[in-house]
Amino acid sequence: QAHPLFHCVGGCKEMDALSAEPINYSSLEADEFENLSDDDAEGNDEEDAQEKNVDAGDEERPTGLIQDSLIRPRFENWLSQHPVKTPMDSSRREALQDLFGRLQVTSYNMEVLSSERCLAIEFSLAGRTGCYTQRTHADVSSAVWLLTKGGVMELTPNIASKLELDEVPLIGCEHYADGGARERRWADETQLGEVIGTDVVEKLGGCTPLLQFLGLICMDEGTPAAYVDALPFKLTSASFAVSESAVGNDVSSKPPPKAPRPVASSKAATAKAAVSKPHRAASQGRK
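A quick note: this is a predicted structure, and the numbers were derived from the prediction, not measured.

> Residue-level account of the nonpolar core, with values.
Among the nonpolar cores identified, the biggest contains 48 residues, and Leu-125, Leu-192, Phe-213, Leu-214, Ile-217 and Phe-233 are the most heavily contacted of them. Contact partners of Phe-233, with chain neighbours within four places excluded, come to Tyr-132, Ile-171, Leu-211, Gln-212, Leu-214, Gly-215, Cys-218 and Met-219.

The structure is reproduced here in structure tokens:
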């Protein structure tokens with residue numbers, strides 16, 4: 001009987017002979033192999049994290065692109081709806097344009113988890129730091145229940161938002177499909193004026209234009225039209241310029257009914273009848 005060692009060597013030689021490619025033996029030391037394993041593990045962790053982000057629908061867009069391609073068109077559309085009939089109107093318009101010029105978006109992140117959109121945007125405005133979050137569920141007409149870690153079903157808002165300026169919560173909302181006592185929509189206009197500047201608010205024409213301006217900066221472009229009124233920015237769907245892909249479940253997004261087919265004029269109908277009567281008589285005679 002062969003010694004086990006010689007049996008192993010023989011088996012290894014047979015495996016080498018069956019290999020289609022030549023076998024290359026490494027000259028690395030054992031410690032170097034350990035380092036390679038650590039590097040591979042780190043690389044795999046990064047790849048796994050990227051795959052998770054893609055699967056979850058994470059989207060972090062360049063801040064310059066967001067400000068120029070998304071926020072600026074909203075602002076210009078909204079500004080075009082303001083009347084310019086008096087010197088006061090022109091002065092307020094200039095104040096809004098000046099305030100927009102002092103805006104700088106610093107971070108924008110959108111995460112889509114199943115039917116929920118989660119937006120986080122950070123910006124600087126007139127020397128103040130802003131942070132806005134919004135969580136939006138696609139179904140605007142049904143209550144949303146979430147299963148907690150403790151195994152309890154918990155009612156959650158269909159849309160919830162919060163805006164902080166210099167880390168102070170000033171504006172927010174919690175909206176539920178069935179309304180009720182949990183419904184909240186609030187804006188601390190006094191403190192908001194103090195943070196932005198009472199002189200700025202006065203030039204804009206009050207706190208309402210300022211709230212609308214902040215809404216144009218912050219609101220998720222995918223917000224269904226049915227939620228716009230529930231948010232605390234005093235905007236309408238028209239002033240917000242919701243895109244066609246954003247109005248989702250709102251009835252206003254349904255295509256208009258087709259126009260009825262035109263009815264032939266009475267003269268054309270009479271002529272058609274006169275032509276068809278002789279044709280019918282001739283066919284009856286052949287029968």
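> I'd like a description of the pattern of salt bridges, backed by residues and values.
Per the counting criterion, the structure on display carries six salt bridges. Across the pair Asp-68 and Arg-72 runs a salt bridge whose closest N-O atoms are separated by 3.8 Å. Note that Asp-68 and Arg-72 are positioned in helix 3 (residues 63-80) at a spacing of four residues, about one turn of the helix. Take Arg-72: its relative accessible area is 33%, and that puts it in the partly exposed class. Note that Arg-135 is salt-bridged to Glu-116, the shortest N-O span being 3.1 Å.

> Outline the packing of helix 5 (residues 189-196) against helix 7 (residues 207-218), listing residues and values.
Their axes nearest at 11 Å, the elements helix 5 and helix 7 cross at an angle of 75 degrees. Here helix 5 lies roughly perpendicular to helix 7, going by the angle between them. On helix 7, the residues touching Glu-189, Leu-192 and Ile-196 of helix 5 are Cys-207, Leu-210, Leu-211 and Leu-214. For the contact of helix 5 with helix 7, the residue count by class is six nonpolar, no polar and one charged.

> Give me the lowdown on the sheet that holds strand 7 (residues 168-175), citing residues and values where you can.
Pairing is antiparallel across the open sheet formed by six strands, whose spatial order is 1-2-3-6-7-8. Each edge of the open sheet is held by one strand with a lone partner, namely strand 1 (103-113) and strand 8 (184-187). Neighbour-to-neighbour, the strand axes of this sheet turn through a mean angle of 10 degrees, independent of strand direction. When strand 2 (residues 116-125) meets strand 3 (residues 128-137), the two strands line up antiparallel, connected through 10 bridges. What sits directly across from Leu-119, in strand 3, is Gln-134.

> Pulling in residues and values, what's your account of the packing of aromatic side chains?
Between two aromatic rings, the relevant description is the distance of the centres plus the angle of the planes. In total, this model carries five aromatic pairs according to the counting rule given. Consider the rings of Phe-75 and Trp-78, whose centres lie 6.2 Å apart with planes at 45 degrees: the pair is tilted. With Phe-75 and Trp-78 both in helix 3, this residue pair falls three residues apart, about one helical turn. Each of the two residues, Phe-75 as well as Trp-78, counts as buried. Both rings, one in Tyr-132 and one in Phe-233, keep their centres 5.9 Å apart while their planes meet at 55 degrees; by these two values the pair is tilted.

> Just give me the short version of the pairing of strand 1, but keep the residues and values in it.
Relative to strand 2, strand 1 is paired through 10 bridges, and the arrangement is antiparallel. Bridging from a neighbouring strand, Glu-111 pairs with Cys-118 of strand 2. Joining the antiparallel neighbours strand 1 and strand 2 is a turn of two residues, in which Ser-114 adopts a positive phi near 60 degrees.

> An account of the pairing of strand 7 is needed here, citing residue identities and associated values.
Note that strand 6 (residues 159-165) and strand 7 share seven bridges and pair antiparallel. Looking across to strand 7, one finds that Leu-163 is bridged to Ile-171. Linking two consecutive strands that pair antiparallel, namely strand 6 and strand 7, is a turn of two residues; a positive phi of about 55 degrees is found at Asp-166 within it. In this sheet, strand 8 lies alongside strand 7 in antiparallel orientation, the contact comprising four bridges. The residue of strand 8 that forms the bridge with Ile-171 is Ala-187.

> Can you explain helix 7? Please cite residues and give values.
End to end, helix 7 covers 16 Å across 12 residues, agreeing with the expected 16 Å (1.5 Å per residue, within 8%). When you tally the buried positions in helix 7, you get 11 out of 12 residues, the bulk of the element. Regarding helix 7, the residues found buried are Cys-207, Pro-209, Leu-210, Leu-211, Gln-212, Phe-213, Leu-214, Gly-215, Leu-216, Ile-217 and Cys-218.

> So what about the packing of helix 3 against helix 4 (residues 87-101)? Which residues, and what values?
Relative orientation of the contacting elements helix 3 and helix 4 amounts to 175 degrees, with a least axis distance of 11 Å. In terms of their interaxial angle, helix 3 and helix 4 are classed as roughly antiparallel. Here Ile-71, Arg-72, Phe-75, Trp-78, Leu-79 and Ser-80 of helix 3 lie close against helix 4, whose contacting residues are Arg-93, Leu-96, Gln-97 and Phe-100. Considering only residue class, the contact of helix 3 with helix 4 consists of six nonpolar, two polar and two charged.

> Can you explain unusual backbone geometry? Please cite residues and give values.
For residues other than glycine, phi is negative in most cases, and the peptide bonds are mostly trans. Even without being a glycine, Ala-126 presents a positive backbone phi close to 50 degrees. In this structure, Ala-126 sits in the loop between strand 2 and strand 3.

About the cut-offs
Residues numbered from 1 in each chain as written. Predicted model: local features only at pLDDT ≥ 70, side-chain atom pairs only at ≥ 80, totals over all residues. Heavy atoms only, no water. Core = buried A, V, L, I, M, F, W, Y, C linked by side-chain atoms within 4.5 Å. Buried < 20%, exposed > 50% of the residue type's maximum accessible area, 1.4 Å probe, protein only. Contact = heavy atoms within 4.5 Å. Salt bridge = Lys/Arg side-chain N within 4 Å of Asp/Glu carboxyl O. Helix = DSSP H or I, 4+ residues; strand = E, 2+ residues; numbered from the N terminus. Axes fitted to C-alpha atoms, helices over the stretch in contact; angles between N-to-C directions. Parallel < 35°, antiparallel > 145°, perpendicular 65-115°, else oblique. Nonpolar A, V, L, I, M, F, W, Y, C, P; charged D, E, K, R; others polar. Pairing = 2+ DSSP bridges. Phe/Tyr/Trp six-rings, centres within 6.5 Å; stacked < 30°, edge-to-face > 60°. Expected span 1.5 Å × (residues − 1).

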